Amino acid sequence: MTRLIGIYGASGCGRGIMPLLREQYPEAELLFIDDGQAPGRVNGQDIVDWRGFLDRDHKDKAVSIAIGASRIRQVLAEKCALAAIPLIEARAASVVQMDEVIIGDGACLSPFVTLTSNISIGRCFHANLYSYVEHDCLIADYVTFAPGAKVNGNVAIGEHAYIGSGAILRQGVTIGAGATVGMGAVVTRNVLPGETVVGNPARPLIKD
Ligand code: UDP
């Protein structure tokens, strides 16, 4: 029987990930899973809710969680695990991956992402267009890179951290769990857990 792949999230992120999976798995049936949108069609694919996905009678099902918000990815990943539905990796054909790279389940690797050598990455990693990870980086679970995030060698990134579009991380820095690096920031020092940094050189964001 045909495999059924559900792309969780039918919004911006999901509509960018669907074409990758369509190319990777031309034999599979694909649909969007979305709990907040009315059932219907988008970009030529059905949208169903989670119940609708479970009700499909395919024996072989997998899910790609295509939602930028990492906490939601975690909740949905745990829901998939409870339902014994595996997470599948979405990977553009143009992704470059070198030696000794370990990646957890459910990554979404957009076009022109580069992962060089000796890198460890956790679950449900999202690397958007043109982002890169240089050698010897350690990236925890549920980390998100916006387009063009540049992560140089020996960097450690804690779970649920978000690296904004075009940000540059200097070799060897540590980004704490849940930290946010703003768009275009140049990070030259460690960032504390939960902290938001912006600018060049990146400094903690002081909210008025
Ligand atoms: N969503 C869902 N189940 C959840 C949480 C979110 O189906 O438990 C859907 C939500 O309805 C929305 C999509 O995920 O359609 C997230 O879209 P959004 O534009 O917020 O984020 P992006 O696509 O940019 O990640």
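Quick caveat, the model's predicted, so the values are computed rather than measured.

What should I look at first to understand the environment of Pro 204 in this one?
Summarising the element assignment, Pro 204 is placed in strand E24 (residues 203–204). Considered as a pair, Pro 204 and Ile 168 are 36 residues apart in the sequence and their alpha carbons are 15 Å apart. Those residues in contact with Pro 204 that lie beyond four places of it in its chain are Glu 195, Thr 196 and Val 197.

Looking at this structure, how should I read unusual backbone geometry?
Leaving glycine aside, a negative phi is the common case for residues, and trans is the common case for peptide bonds. Here Asn 200 and Pro 201 are connected by a cis peptide whose omega angle stands at -5 degrees. With respect to the helices and strands, the residue Pro 201 is situated in the loop between strand E23 (196–198) and E24. Within the chain, Ala 84 stands out as a residue other than glycine whose phi angle is a positive 60 degrees. On the accessibility criterion, Ala 84 (66% relative accessible area) is exposed. Here Asn 118, not a glycine, exhibits a phi torsion of approximately 60 degrees, which is positive. By secondary structure assignment, the location of Asn 118 is in the loop between strand E10 (114–115) and strand E11 (119–121).

Is there a simple way to think about the packing of aromatic side chains in this case?
A ring pair, where both rings are aromatic, is described by two values, the distance of the centres and the angle of the planes. Counted under the stated rule, the structure contains four aromatic pairs. Between Trp 50 and Phe 53, the aromatic rings sit 5.9 Å apart at their centres with planes inclined by 25 degrees, giving stacked as the arrangement. Of the two residues, Trp 50 and Phe 53 both sit in helix H2 (residues 50–55), three residues apart, roughly one turn of that helix. Like Phe 53, Trp 50 is buried.

Got a minute to help me understand the pattern of salt bridges in this structure?
Opposite charge on two side chains permits pairing when their charged atoms draw close. Counted according to the given criterion, the structure contains eight salt bridges. Note that Asp 60 and Arg 3 form a salt bridge whose closest N and O atoms lie 3.6 Å from each other. Of this pair, Asp 60 sits in the loop between H2 and strand E5 (61–65) while Arg 3 sits in the segment before strand E1 (4–8); the two residues are 57 residues apart in sequence, bridging distant segments of the chain. Look at Asp 60 and you get partly exposed, because its relative accessible area is 35%. Notably, a salt bridge pairs Arg 56 with Glu 29, separated by 3.5 Å at the nearest N-O pair.

What exactly am I supposed to notice about a nonpolar patch on the surface here?
Nonpolar side chains collect at one region of the surface, where Phe 112, Leu 129 and Tyr 130 lie side by side and expose about 310 Å² of accessible area between them. On the secondary structure map, Phe 112 appears in the loop between strand E9 (108–109) and E10.

Where do I start with the sheet that holds strand E18 (residues 162–163) in this structure?
Remark on secondary structure: sheet strands pair via backbone hydrogen bonds, oriented parallel or antiparallel. In spatial order, the strands read E6-E9-E12-E15-E18-E21-E23-E24; together these eight strands make up an open sheet with mixed pairing. Two strands in the sheet have a free side with no partner beyond their single neighbour: strand E6 (90–91) and E24. Sheet topology note: the strand E12 (residues 126–127)/strand E15 (residues 144–145) ladder contains two bridges and is parallel. Looking across to E15, one finds that His 126 is bridged to Thr 144.

Just to check I follow, could you spell out the side chain of Arg 73 for this structure?
Mapped onto the elements of the fold, Arg 73 is located in helix H3 (residues 70–82). The buried charged residue Arg 73 lacks any salt bridge partner; its closest oppositely charged side chain belongs to Asp 141, at an N-O distance of 9.8 Å. Contacts of Arg 73, omitting those with residues within four sequence positions, involve Ile 65, Ile 67, Gly 68, Cys 124, His 126, Tyr 142, Val 143 and Thr 144.

About the cut-offs
- Residues numbered from 1 in each chain as written.
- Predicted model: local features only at pLDDT ≥ 70, side-chain atom pairs only at ≥ 80, totals over all residues.
- Heavy atoms only, no water.
- Helix = DSSP H or I, 4+ residues; strand = E, 2+ residues; numbered from the N terminus.
- Contact = heavy atoms within 4.5 Å.
- Buried < 20%, exposed > 50% of the residue type's maximum accessible area, 1.4 Å probe, protein only.
- Phe/Tyr/Trp six-rings, centres within 6.5 Å; stacked < 30°, edge-to-face > 60°.
- Salt bridge = Lys/Arg side-chain N within 4 Å of Asp/Glu carboxyl O.
- Patch = residues over 30% accessible without salt bridge, like charges linked within 9 Å, V, L, I, M, F, W, Y side chains within 5 Å.
- Areas by Shrake-Rupley, 256 points an atom, 1.4 Å probe, with all protein chains shown as cover.
- Pairing = 2+ DSSP bridges.
- Lys, Arg positive; Asp, Glu negative; His and termini not counted.

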